[in-house]
Every structure is written in C-alpha cells, then in structure tokens.
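A look at the structure
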Amino acid sequence: MSQVATLTGINAHTLRKWESRYTFVQPKRTDTNIRYYTDELLRKLLNVSILHRNGFKISKIDKMSNDELHANVTEVLLKPIDGDVLTALMLCLLEMNEREFVKILDAHILNKGLLQTVSDLIYPFLNQIGVLWGIDKVMPAQEHFVSNLIRQKVVSAIDNLSLPEESASKIVLFLPENEHHEIGLLLAQYIAKDLGWNVYYLGQHVPLENLKSVQEIVQPKLMLTMFITTIPDKVKDKIEEILSNTSAHLLVAGNPINLKEKYFEERTTYVSSPLELITILQEKK
C-alpha cells in the first residue's frame, strides 16, 4: 500500500477509507490476508488521483464508467499541473501509449524548454519507474519503450543546435562498461553543445582502456562520465582506472548512493545536477 501511495499521491489512510466506502477500490488479498493491487487497479487509481486533485468528488468518481473516467481525465490533462503530467506519463508507460506520451513531452518542452523538462519531469518520472520496478509493475519492455521515446526527443534537440567554433574547448562524454542508462549523458551533451563546447560523444559501455587513445587524439579539456547502476564498491576502482588513462579533468555524475567524497581526487569533480554542470562548463570554457 505504501508503494501504491507513492505512485498515486493518495495516502494510505485515504486508500483504506475509500476501500471501505466505495466500489472502485477493491484490492486483492493473498492467502495470508495481505493487500495487493492489480495492474488494472493501479491504472484506475492513477486516473482517480488526477480527477480528485482537480476537484472531482470521490462519490461522483465512484459512479463513473471506465469510459467516463478516461474522458474526464483527458479533459483535465488539456490544462495539467505538473503533478498530473507526471501521473499521466505513468499511465502512458503502463499502457504503452506512444501518442499521448509524445504529446505530453512535446507540450512540456514547448512550454518550459528541454532542460527544465528533463529536470522537472523526466528525472522524477524515471524515479517513479524505479518504484514500479520494486513492486514488479513494469516490464523491461515498457521501460525501454518510454526510454527510447525520451531519447529521441533529446537527440532531436541536440541535432537542432548550431555547431560550435572549431577552436572551442573540447569535452569527451562516455559511460563505462556495464553502464547503459544514456539519457543523463545525452542531456549533458545537449548542455555542453548549447554552451559552445566541442563535444565528443562516445556513448554507452566504453572500455576504459580506450580512453588513453581518445585522450591522445582529442586532447580534451574535460571528460564526463556517469555511474547509475554500478556496484558502489566498484566505483572507486573505475574512477582510478579512468584517471590513469587520461590527463583531462574528470567530471563524475550519477546515483549519489554510488559516489562518495573519498573517491574524488584533485583532478575529479562531482556534478550533482544539470544546473551545476552548466555552471562548471561556463566557468571552465
């Protein structure tokens, strides 16, 4: 129940109250009498949470058919608040609804720009996917589906940026071996290119021994990498291996759980957010 409350924004006390009073909240129970929520009920609760936040009475929602529920949610989402946008993206993920997912992203990017969309919407959304993983409510195929839609938007935005001057400072972006979550690295590419840096994007799963040759060929001022899924105890060794193969200053971002201050040397800087990356790149340009 606590996980469902996190996903829907409906607290556990309210869920229990609704369960006793209304027909639309009827979780299943295990043989040991523990509640569990089906995929269908989770999708319904996400819809209900949108309507409830927008002034619909629960007694009225309880009497709606599924078609009426969806019609009202669609009308509300024409002028969504940020919380409703996030919930709507969760529904698109569960239903693998590309049309609605892209429409929501496009509207948010048009209104707030790519950087703020990623910071305010995409990152929280990816964190919510992590919650879904924890309760076995999302398939790898569903995560890959939406991740690739997000990737397409960021790549398109990168392509629309002007080329930097040939003499501009150089930065190399890469993910180490066994790191596959590319969206954050793509955003870093967008930021650096937008700020006028010459960006050398190596992508995912780069063998660290290759960095020595890249260093010799490119002669970058900075390198940037990220650790998302790496086992924390392995991060220090990987950072040391990167530094041994390069002479550029290394920027490191990623999951704070994996990154400890003691891992960082004089030639290494931790980047905690996209806004901090902007500040660093402006200062070092």
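Residues numbered from 1 in each chain as written. Predicted model: local features only at pLDDT ≥ 70, side-chain atom pairs only at ≥ 80, totals over all residues. Heavy atoms only, no water.

**A short note on the overall build of the protein**
Convention followed: Only runs of H or I of at least four residues qualify as helices and only runs of E of at least two qualify as strands under DSSP, and these elements are numbered from the N terminus. Contacts are assigned to residue pairs with any non-hydrogen atoms lying within 4.5 Å of each other. Computed with the Shrake-Rupley method and a 1.4 Å probe, the accessible areas treat only the protein chains shown as cover for residues. Positive charges are assigned to Lys and Arg, negative charges to Asp and Glu, while His and the chain termini are left out of the count. To locate a charge, take atom NZ for lysine, CZ for arginine, CG for aspartate or CD for glutamate.
Summing up its helical and strand segments, the protein has 13 helices and seven strands in all. Along the first, second and third principal axes, the C-alpha atoms of the protein reach 70 × 45 × 30 Å. Counting contacts in the protein only where the partners sit at least 6 residues apart, residues at least 24 apart contribute 68% of the total. About 15,000 Å² of surface is accessible on the protein, with carbon and sulfur atoms providing 49% of the total. Mean positive and mean negative side-chain charge positions of the protein (31 and 35 charges, respectively) differ by 7 Å.

**Digging into helix H2 (residues 12-21)**
Threshold: Using a 1.4 Å probe on the protein chains alone, a residue whose accessible area is under 20% of its type maximum counts as buried, one over 50% counts as exposed, and one in between counts as partly exposed. The directions from the helix axis to the C-beta atoms are what the arc is built from. Pairing of N or O atoms within 3.5 Å defines a polar contact, subject to two protein rules: one partner must be a possible hydrogen donor and the other a possible acceptor, and residues neighboring in sequence count only if both atoms are side-chain atoms.
Turning to H2, its buried residues are Thr-14, Leu-15, Trp-18 and Glu-19. Buried residues of H2, viewed axially, fall in a sector of 140 degrees; they line one side. Opposite its buried face, H2 presents the exposed residues His-13, Ser-20 and Arg-21, each directed more than 90 degrees away. Sitting at the amino-terminal end of H2 is Asn-11, which places a side-chain oxygen 3.2 Å from the backbone nitrogen of His-13.

**Overview of the environment of Leu-163**
For Leu-163, the location among the structural elements is in the loop between helix H9 (140-159) and strand S3 (170-176). Take Leu-163: its relative accessible area is 74%, and that puts it in the exposed class.

**Here we look at the pattern of salt bridges**
Stated precisely, the cut-off is as follows: Here a salt bridge means any side-chain nitrogen of Lys or Arg lying within 4 Å of a carboxyl oxygen belonging to Asp or Glu.
All told, the structure shown has five salt bridges when counted by the stated rule. Arg-29 is the partner of Glu-19 in a salt bridge, and the nearest nitrogen-oxygen pair spans 3.5 Å. Here Glu-19, found in helix H2, pairs with Arg-29, found in strand S1 (residues 28-29); they are 10 residues apart in sequence, far enough to count as distant. The buried category is assigned to Glu-19, whose relative accessible area is 16%.

**Regarding the sheet that holds strand S4 (residues 198-206)**
Stated formally: Note on pairing: DSSP must find at least two bridges between two strands before they are called paired. For every element, the axis is a line fit to its C-alpha atoms; helices are fit only across the contacting stretch, and the angle between N-to-C directions ranges from 0 to 180 degrees.
Sheet architecture is open: five strands sit in the order S4-S3-S5-S6-S7, paired in parallel fashion. Two strands in the sheet have a free side with no partner beyond their single neighbour: S4 and strand S7 (268-270). Strand after strand, the sheet turns through a mean of 20 degrees between neighbouring axes, direction not considered. In the packing of helix H10 (residues 183-194) onto the sheet, the strands contacted are S3, S4 and strand S5 (222-227), and the crossing angle to S4 comes to about 175 degrees.

**Let's talk about the layout of surface pockets**
What counts here: Cavity and pocket criteria rest on a 1 Å grid covering protein atoms alone: a 1.4 Å probe that fits but cannot get out defines a cavity, protein on both sides within 12 Å along at least 5 of 7 lines defines an open pocket, and an atom within 4 Å of a point defines a lining residue. Grid points are joined across faces, edges and corners, and a volume is the space filled by probe spheres set on the points. Ten residue types, Ala, Val, Leu, Ile, Met, Phe, Trp, Tyr, Cys and Pro, are classed as nonpolar, four, Asp, Glu, Lys and Arg, as charged, and the remainder, Gly among them, as polar.
Its volume calculated, the largest pocket comes out at about 1,000 Å³. Looking at the lining of the largest pocket, the elements that each hand over two or more residues are helix H8 (114-134), H9, H10, S5, strand S6 (249-254) and helix H13 (274-284). In terms of residues, the lining of the largest pocket owes the most to one element, H10, which gives seven residues. Here the lining of the largest pocket is composed, by residue class, of 19 nonpolar, 14 polar and three charged.

**A few points about the nonpolar core**
Rules: Throughout this description, the term nonpolar core refers to a set of buried Ala, Val, Leu, Ile, Met, Phe, Trp, Tyr and Cys residues connected via side-chain atoms within 4.5 Å.
Within the largest apolar cluster, 70 residues are counted, with the highest numbers of intra-cluster contacts made by Leu-45, Phe-101, Phe-125, Leu-224 and Leu-281. No other element matches the nine residues that helix H6 (residues 82-95) contributes to this core. Apart from residues no more than four positions distant in its own chain, Phe-125 is found in contact with Leu-86, Leu-89, Met-90, Leu-93, Phe-101, Val-146 and Ile-150. By size, the runner-up hydrophobic cluster in this structure holds 18 residues, among which are Val-172, Leu-208, Leu-250 and Phe-264.

**Let's talk about H10**
As a reminder of what qualifies: Expected helix span is taken as 1.5 Å per residue step, with the number of steps being one fewer than the number of residues.
For H10, built from 12 residues, the straight-helix expectation of 16 Å at 1.5 Å per residue is met to within 8% by its first-to-last C-alpha distance of 16 Å. With 11 of 12 residues buried, H10 lies mostly within the body of the structure. Downstream of H10 by a residue or two, Gly-196 has a phi angle that is positive, lying close to 95 degrees.

**Remarks on unusual backbone geometry**
Phi is positive for Met-96, close to 50 degrees, though the residue is something other than glycine. Tracing the backbone shows Met-96 in the loop between H6 and helix H7 (98-112).

**Observations concerning the pairing of S4**
Two faces, one strand: in a regular strand the side chains alternate between the faces of the sheet. Filter applied, for reference: Seen with the strands pointing away from the viewer, any crossover whose path from the first strand over the helix to the second strand runs clockwise is right-handed.
Pairing between S3 and S4: six bridges, direction parallel. Within S4, the residue paired with Phe-174 across the bridge is Gly-203. What joins S3 to S4 is H10, and the crossover it makes is right-handed.

Interpretation in functional terms is not warranted from these geometric data alone.
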